[in-house]
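# Analysis of the macromolecular model
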Amino acid sequence: MDNFSTQNDDSLPSLNIHASYSSDDGGGGSNRTPKFFDRFYDSSSDDDFCPSSTPAAPSTSDGVENAGRRLDYMIQFLERKLSSPDHDRTRALPEFVGKGGGAGLFKVPARAAVHPGRPPSLEVRPHPLRETQIGCFLRSVVCSKSQLWAGQESGVRVWNFADLYGSSSGAGGVVRSGDEETAPFCESVPTSAAICLVVDEATRVVWSGHKDGKVRAWKMDQRLGDDPFTECLAWQAHRTPVLSLVMTSYGDLWSGSEGGVIKIWPWEPIGKGFSLMMEEMPMAGLLVERSFIDLRNQLTVNGVLASDVKYMISDNCRGKVWSAGYQSFALWDARTRELLKVFNVDGQIENRVDISAQDSAFDDEWKMKFGSASKKDKLQASFSFLQRSRNAIMGAADAVRRVAAKGAFGDESRRTEALVMTIDGMIWTGCTSGLLVQWDGQGNRLQDFHYHSFAVQCFCTFGSRIWIGYVSGTVQVLDLEGNLLGGWVAHDSPVISMTSGAGYVFTLDNYGGIRGWNTTSPGPLDSILRSELAGKEFLYTRLENLKILAATWNVGQGRASHDSLISWLGSAASDAGIIVVGLQEVEMGAGFLAMSAAKETVGLEGSSLGQWWLDMIGRTLDEGSMFERVGSRQLAGLLIAVWVRNNVKAYVGDVDAAAVPCGFGRAIGNKGAVGLRMRVYNRVMCFVNCHFAAHLEAVNRRNADFDHVYRTMIFSRPSNLSNATPAGVSSAVQMLRSTNSVEGTLELSEADMVVFLGDFNYRLDGISYDEARDFVSQRCFDWLKERDQLRAEMEAGNVFQGMREAVIRFPPTYKFERHQAGLAGYDSGEKKRIPAWCDRILYRDSRTAAVAECSLECPVVSSVTQYEACMDVTDSDHKPVRCIFSVDIARVDESVRRQEFGEIIRSNKRIRHTLEELCKIPDTIVSTNNIILQNQDTSILRITNKSGKYEALFEIICEGQSTVKDGGLAFDHQPRGSFGFPQWLEVNPASAIIKPDRVAEVAVHHEEFQTLEEFVDGIPQNSWCEDTRDKEVILIVKIGGKFSTETRDHRIRVRYCFANKKTPIDSKSNSHGQTQGTVLHRSDIQRISGSSDVVAHLRDLHSSLCSSNDSVQKSIDE
């Protein structure tokens, strides 16, 4: 609920970069001074403005390095504009372009310097290639006032907000694979996977729950340097993974695990643990570890306490805690730790079984059997075992009842996947079906909303807005009434965690990418940022050139000699960065096809002969020292594989595979396609190996085969690569991987470049065998191409719409007698099949009719420099074909773009003005700054929003508790975790929204709480009466605006007096932890209405209180 931070020194310092730098160009050691950059960095007139999200100034070395990179990109941009076409362009082959492109599925995907379909974002961690994240996937994110924390499979990492716009430096100055362009961060020492995180601003620590069952605490304020940092407190909380953590409004830490286990870690032993020295950390951990309260030792509930506790949230507004499994919820009192209510996803109350009441007879029996005090441990152990067994049996029985009553399938779509509380005190849950449910604080289901058909994964609230992350990668923004304000595709993979801080909502995708979205999005800042970033495109655009060798061969169920592979691939691979090989008819027997179809149904693929081909080609390419195979896919006789040169491997990843059968009712793989999709320099490329219907007259079937492949090919992670599920991945994400329903949204039509290769089987029309042989012998290919079925169908827009093919200058590749060299090898048997160009390679890049030059708007531009058949290879009735592409790729240098983003936020006057308007904090007054309570008193604190235009958001926290000596001196100030309230104090509501010119009434209530218990290993051991000395707390009323990241605070002193008297406070001394105070008076309990006629009265009251305080301060000074 802490959506805004107090004004303090944690605000990000202003960026102040000047152009007085030089950079070594790396050529001859000469320096260059880019003085023309001054207009981007001259900020002398803007130093007076410093919003919370303002970037910090980079170091001198970073500034020099980044300036040099900008200059390089600018020179590259100018050279591209002014120079003549490069050598590859001048020797590019002419191309034929099929009709029908540019519309529908065949429309080139829209690209731009700034994504046109979503607000501009801050790339904190650009999407890392999936292969680089094995063992270190990020699983959750959370924000403190000054930092962004992430839990990962190997520990935690942290970003300081002051460094968010900085250049990449890795962890400890070492840039690891996957973090080349990540904002500067620090990492912890290796630990078990961190599944959940909670921030505690009061003690300045971040709590993490881990897969090994441990809870760890990490200091926010520790020095973050090159060395990994360590935890300040840790203990074994559970035997199973810690699935959820929450800090309550009373400062206790609650943890949830598998099997319905919920443990409470009281603040008192945690506070003692923090007070010990670092060398005493093991002792502190043991102290906390043995202090837990196990809620299952007190009561159990059918189902809810037998299911995994996946989610917990603290209702700080009412002092409650919500815990949730997939199908049910439990509502707890955070102060008394009692279970208040158990209900299912429909809001229906579940049956509750109170062990403590029903098993009293069992308790007496056990005591008689085992003895009393001397055998206490044995009694407790036996009773605990009996109780756990009973709970497990009841949970299993309830699970059977649920399945029988509702059906497993129906429940799956209703599973709860996320939980959040909003500033107005409402609870929101998200389901696997995409359903959003609003609940009140008592667990009553209020409203349902359904804006997206995919599973909800996470929530985040900021001010009066609710952000929702879906498994499809979509993000939506709602207001508190549930109205949809906007939505966009934020990531290409599921959004699994969200958090807010520094004016951003940060979203984490399933593969570790983190983006920051302005909290005002969708809003007026988006268009300004988009325009400004697009105008600086030349500063962060980087061009890469890559050679791709694509090769296809119908091997006719045979095997090739080493010499044949060298002739086909070896001679052409010298300059290639990526090599794509497609084979057809690797195996084609009826038994093999049937077995292949059966294996596909259970997720198996491949064959021994297919593996032989992969091994032989790997040897030909010197796999291991020169190239690495990054992916392959086999469907019956179809096989595709991709090899990447080692110096390019760091930029190639996210390899996915697909297969589409087209034979025998679209079920058998004798005909069909296999494909591989991958990211290359952060651009999506797809390679598809096809084998279409045979025979001269089957033109329409071949067209239909292509259409079926293009429309239905959906990619998923290949089975021959690591497919382990990262720790803590949502159930919805795991289900998607099995159904391939969402992670395949980047289909062929969404790729930046698509290459089709294979035996398309298109023949020559209107020509005889002898005529074709004559034209081939005379190399009259132009006349033969006029008879080519594929060319005619592409000209008519019936197939390969919008695709390109280089001019054919080689003889037809089908059909030949095996092991017969030269053109005399064409089929001379009975059938005398007419020669044809069956084996082809076509492609589509990012070019459109309007844009043909490589840029961020047209990011992939390719040309064909070689397109030929290897006529000397005689191992099959088809000749192998190869094609070499020269591909220009425009990509974003995210490190430079991130710095430009920060500079725009800081220096743009329109953005500054808009932020100032949006982030205004309404003027408010409180009815008193002193409250005294006695004998379960309730005092009404009134907060008045004086603004006639803006809503005010408030939250009340407790700065800490002090003990009051005789004479009124407050001492021994003790803060509680998460600014929690002491057990004797209730504040309700502790957060809410105040409409303009309205008054909010907050009840400040003393609750009797005179008996304290100490738990050891979950069993109460000692109890004693509470200290009867007077107590005093300082409440902070934090006032914020709709989009403000800072607050305006009111301090209220609340004293509880045991004796029936009013104790004066000695305000002359404030040393040695003593808290200065003023004389307290009972506050007026008269209830005031919300009408505007009381505003003037409260203003006068506020002025009187201020005058009184001034008089007291003057007396102190005298």
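Preceding this section is the structure that the text describes.
Residues numbered from 1 in each chain as written. Predicted model: local features only at pLDDT ≥ 70, side-chain atom pairs only at ≥ 80, totals over all residues. Heavy atoms only, no water.

## Details of the sheet that holds strand β28 (residues 456-462)
Strand order in the open sheet made by the four strands is β28-β29-β30-β31, with antiparallel pairing throughout. Whereas interior strands pair on both sides, the edge strands pair on one side only; in this sheet they are β28 and β31 (484-489). In this sheet, neighbouring strand axes are inclined to one another by 20° on average, regardless of whether the strands run parallel or antiparallel. (Pairing = 2+ DSSP bridges. Helix = DSSP H or I, 4+ residues; strand = E, 2+ residues; numbered from the N terminus. Axes fitted to C-alpha atoms, helices over the stretch in contact; angles between N-to-C directions.)

## What about the packing of helix α10 (residues 524-535) against helix α21 (residues 909-918)?
Running from N to C, α10 and α21 cross one another at 165°; their axes reach a closest spacing of 10 Å. Taken together, the axes of α10 and α21 are roughly antiparallel relative to one another. α21 is crossed by α10, and the crossing has left-handed handedness. Note on element contacts: α21 touches α10 through Arg910, Ile911, Thr914, Leu915 and Leu918, opposite Pro524, Leu525, Ile528 and Leu529. When its residues are assigned to classes, the contact of α10 with α21 shows seven nonpolar, one polar and one charged. (Parallel < 35°, antiparallel > 145°, perpendicular 65-115°, else oblique. Left-handed = near helix turned anticlockwise from the far one by under 90°. Contact = heavy atoms within 4.5 Å. Nonpolar A, V, L, I, M, F, W, Y, C, P; charged D, E, K, R; others polar.)

## Points about the sheet that holds strand β27 (residues 445-450)
Strand order in the open sheet formed by four strands is β24-β25-β26-β27, with antiparallel pairing between adjacent strands. At either end of the open sheet lies a strand with only one pairing partner, and these are β24 (416-421) and β27. The sheet shows a mean angle of 20° between the axes of neighbouring strands, taken without regard to direction. Two elements, β24 and strand β25 (residues 427-431), share five bridges in a ladder whose sense is antiparallel.

## As for the nonpolar core
Grouped together as the largest cluster of nonpolar side chains are 55 residues, with contacts concentrated most on Tyr867 and Phe885. Residue contributions to this core peak at five residues, all from strand β46 (residues 881-892). If near-sequence neighbours (up to four positions away) are discounted, Tyr867 is found in contact with Leu93, Glu805, Ala806, Val807, Ile808, Phe810, Asp839, Arg840, Ile841, Val881, Arg882 and Cys883. One finds Val246, Leu339, Phe1015 and Val1037 within the second-largest nonpolar core, a separate group that totals 43 residues. (Core = buried A, V, L, I, M, F, W, Y, C linked by side-chain atoms within 4.5 Å. Buried < 20%, exposed > 50% of the residue type's maximum accessible area, 1.4 Å probe, protein only.)

## Some details on the pattern of salt bridges
Pairs can form between side chains of opposite charge whenever their charged atoms are close. Under the counting rule described, the total for this entry stands at 46 salt bridges. Linking Asp252 and Arg976 is a salt bridge whose minimum nitrogen-to-oxygen distance equals 3.8 Å. One end of the pair, Asp252, is in the loop between β14 (242-247) and β15 (253-257); the other, Arg976, is in the loop between β51 (970-974) and β52 (985-988), with 724 residues separating them in the sequence. Of the two residues, Asp252 and Arg976, both sit in the buried class. Here Asp654 and Arg679 are joined by a salt bridge, their closest N and O atoms 3.1 Å apart. One end of the pair, Asp654, is in strand β39 (residues 652-663); the other, Arg679, is in strand β40 (residues 668-680), and 25 residues separate them in sequence. Here Asp654 and Arg679 have matching classes, each one buried. Each of Glu95, Arg804, Asp845 and Arg847 takes part in a single network of salt bridges with overlapping partners. (Salt bridge = Lys/Arg side-chain N within 4 Å of Asp/Glu carboxyl O.)

Remember, this is a structural readout, not a statement about activity or role.
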